[in-house]
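What follows is the residue order along each chain.
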Amino acid sequence: MSTWIAVGALALVGVLIPLGMMAVSALLRPTVPEQGKSSIYESGEVPTGTTRIRFNIQYYMVALLFLVFDIETVFIFPWTLIYTDAVAQVGLLHALGPMLVFIAVLVAALIWAWRTGAVQWIKSPEAAKRSRLQ
């Protein structure tokens, strides 16, 4: 039970130190209200337009696909390091089978993303007209 007391004390210290630092900085910092502080920062230039810009959803789709396939490499790399030892201990089928299933699921996901158009950029109307004319 004494080990849990140490864990609880460490968690309490881990929470109290950042809260204490924020409280001290809130008490010591100067507060000078100024209109320039609440404006948008654009390297000293006068801001133009609105801050609400609509981004194309395609950027988020490509970012999500990148994360999925980036995480794939995080799982595959350690497996490749222990592959020869695993084959020697459990055999080829038990060492290679789960990774082949994992890669097959990722390939199926990539095929699905490709067919639904998640990896293709949306063309502008002008580019679509040019491609129809050619």
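Above this text you will find the structure in question.
This one's a predicted model, so the numbers in the text were calculated from it and none came from an experiment.

The rules behind the values
- Residues numbered from 1 in each chain as written.
- Predicted model: local features only at pLDDT ≥ 70, side-chain atom pairs only at ≥ 80, totals over all residues.
- Heavy atoms only, no water.
- Helix = DSSP H or I, 4+ residues; strand = E, 2+ residues; numbered from the N terminus.
- Buried < 20%, exposed > 50% of the residue type's maximum accessible area, 1.4 Å probe, protein only.
- Areas by Shrake-Rupley, 256 points an atom, 1.4 Å probe, with all protein chains shown as cover.
- Expected span 1.5 Å × (residues − 1).
- Phe/Tyr/Trp six-rings, centres within 6.5 Å; stacked < 30°, edge-to-face > 60°.
- Patch = residues over 30% accessible without salt bridge, like charges linked within 9 Å, V, L, I, M, F, W, Y side chains within 5 Å.
- Salt bridge = Lys/Arg side-chain N within 4 Å of Asp/Glu carboxyl O.

Trainee: Kindly report on the overall build of the protein chain, identifying the contributing residues and their values.
Mentor: The number of helices and strands found in the protein chain is five helices and zero strands. Within the span of the protein chain, comprising 134 residues, buried residues form 9% of the whole. Element-wise, carbon and sulfur atoms account for 71% of the exposed surface of the protein chain, whose accessible area totals about 12000 Å².

Trainee: Describe helix 4 (residues 92-116), with residues and values.
Mentor: Relative to the 36 Å expected for 25 residues at 1.5 Å per residue, helix 4 spans 36 Å between its end C-alpha atoms, a close match to the ideal helical length. Residues of helix 4 that are buried include every one of A95, G97, M99, L106 and A113, and no others.

Trainee: Can you break down the packing of aromatic side chains residue by residue, with the values?
Mentor: Counting across every chain of the model gives two aromatic pairs. Ring plane angle 85° and centroid distance 5.9 Å describe the contact between F75 and F102, whose orientation is recorded as edge-to-face. Of this pair, F75 sits in helix 3 (residues 57-90) while F102 sits in helix 4, placing them 27 residues apart in sequence. Aromatic side chains W79 and Y83 sit 5.0 Å apart centroid to centroid with 50° between the ring planes, which places their arrangement in the tilted category. Separated by four residues within a single helix, W79 and Y83 lie in helix 3, roughly one turn from each other.

Trainee: Describe a nonpolar patch on the surface, listing the residues and the values that go with them.
Mentor: A contiguous nonpolar patch, built from L12, V15, L16, L19 and M22 and spanning about 500 Å² of accessible area, is present on the exposed surface. You can see L16 is positioned in helix 1 (residues 2-28).

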